[in-house]
Amino acid sequence: GEDVEQSLFLSVREGDSSVINCTYTDSSSTYLYWYKQEPGAGLQLLTYIFSNMDMKQDQRLTVLLNKKDKHLSLRIADTQTGDSAIYFCAEKDFGNEKLTFGTGTRLTIIP
Amino acid sequence: DAGVIQSPRHEVTEMGQEVTLRCKPISGHNSLFWYRQTMMRGLELLIYFNNNVPIDDSGMPEDRFSAKMPNASFSTLKIQPSEPRDSAVYFCASSLTGPAGSEQYFGPGTRLTVT
């Protein structure tokens, strides 16, 4: 079955860039998503990338996709305290509405 | 848009009691998903509906869990009887499924504690 893996923790100094990594196993993935979860809240969709793209940029967020290595990353430029949260990557197969989520990466901002 | 609405936000119940969680998807969305989140197992998909029809319930833990979607604007997840190991945050999400793909939008969740 599908598997999506992420490291559990990341600490970054305020103002630096954060890079959150994700690997997946399913080669038929069509869409890959990044969600953000703040304490006590639901998951908020941040951005997504179609599998035939290499990069997508949206303001401070940059998503890079290496399809050969099945590696996805989310870069947050100029990290702020409000970026503290758990970040989940997820993949979706063609013709299937199910998302497979990673374990989530807890991002901590160091003042 | 009000987003996905879930109720109650918190539920504390005793083992053996019936629990009903409710969800109102975003108006116009045609797919609805129920997830469970725990520290041990992370985020698990329990069941999802498309056009009010259950499509995949392979994630439903056991017969104690049931879900219904009687119309496009309402769904319930019922646990009967509840057990302490059911304690978790239950999320509902909805999406508009189409040929260009779909993004799921999550509700705030229901935190269930079974004592």
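First, a word on scope: everything that follows refers to the structure included in this document.

Thresholds, definitions, all that
Residues numbered from 1 in each chain as written. Chains lettered and ligands numbered in written order. Predicted model: local features only at pLDDT ≥ 70, side-chain atom pairs only at ≥ 80, totals over all residues. Heavy atoms only, no water. Pairing = 2+ DSSP bridges. Helix = DSSP H or I, 4+ residues; strand = E, 2+ residues; numbered from the N terminus. Axes fitted to C-alpha atoms, helices over the stretch in contact; angles between N-to-C directions. Contact = heavy atoms within 4.5 Å. Buried area = accessible area lost by both parts, 1.4 Å probe. Salt bridge = Lys/Arg side-chain N within 4 Å of Asp/Glu carboxyl O. Polar contact = N/O pair within 3.5 Å; in protein donor to acceptor, adjacent residues only side chain to side chain. 1 Å grid on protein atoms, 1.4 Å probe; cavity = no way out; pocket = protein on both sides within 12 Å on 5 of 7 lines; lining within 4 Å. Points joined across faces, edges and corners; volume = space filled by probe spheres on them. Nonpolar A, V, L, I, M, F, W, Y, C, P; charged D, E, K, R; others polar.

### Considering the sheet that holds strand E3 (residues 19-24) of chain B
All names here are of chain B.
Reasoning step 1: The antiparallel open sheet is built from 4 strands, whose spatial order is E1-E3-E8-E7. Unpaired on one side and paired on the other, strand E1 (5-7) and strand E7 (65-71) mark the two borders of the sheet. Here the average twist between neighbouring strands, direction ignored, is 15 degrees.
Reasoning step 2: With 3 bridges joining them, E1 and E3 adopt antiparallel strand pairing. Bridge pairing in E3 links Gln6 to Cys23.

### Regarding the interface of chain B and chain A
Reasoning step 1: Tallying the contact residues gives 22 residues for chain B and 17 residues for chain A.
Reasoning step 2: Summed over both partners, the interface of chain B with chain A buries about 1,500 Å², with 54% contributed by carbon and sulfur atoms.
Reasoning step 3: Where Asp56(B) meets Lys98(A), a salt bridge forms, and the shortest distance between an N and an O atom there is 3.1 Å.
Reasoning step 4: The tally of links between chain B and chain A comes to 5 residue pairs in polar contact (both at pLDDT 80 or more).
Reasoning step 5: Breaking the side of chain B that touches chain A down by element, the ones donating at least two residues are strand E4 (31-38), strand E5 (42-50), strand E9 (88-95) and strand E10 (105-106) of chain B.
Reasoning step 6: Counting residues per element, the side of chain B that touches chain A draws most heavily on E4(B), at 4 residues.

### Let's talk about the layout of surface pockets
Reasoning step 1: Volume-wise, the largest pocket comes out at about 1,200 Å³.
Reasoning step 2: Every residue lining the largest pocket is counted, 48 residues in all, and those nearest its centre are Phe88(A), Gln37(B), Thr38(B), Gly42(B) and Leu43(B).
Reasoning step 3: If you list the elements that add at least two residues to the lining of the largest pocket, you get strand E9 (85-93), strand E10 (99-101) and strand E11 (105-110) of chain A together with E4, E5, E9 and strand E11 (110-114) of chain B.
Reasoning step 4: The element best represented in the lining of the largest pocket is E9(A), accounting for 6 residues.
Reasoning step 5: Per-class residue counts for the lining of the largest pocket are 19 nonpolar, 17 polar and 12 charged.
Reasoning step 6: For the lining of the second largest pocket, a count of residues per class yields 2 nonpolar, 1 polar and 7 charged.

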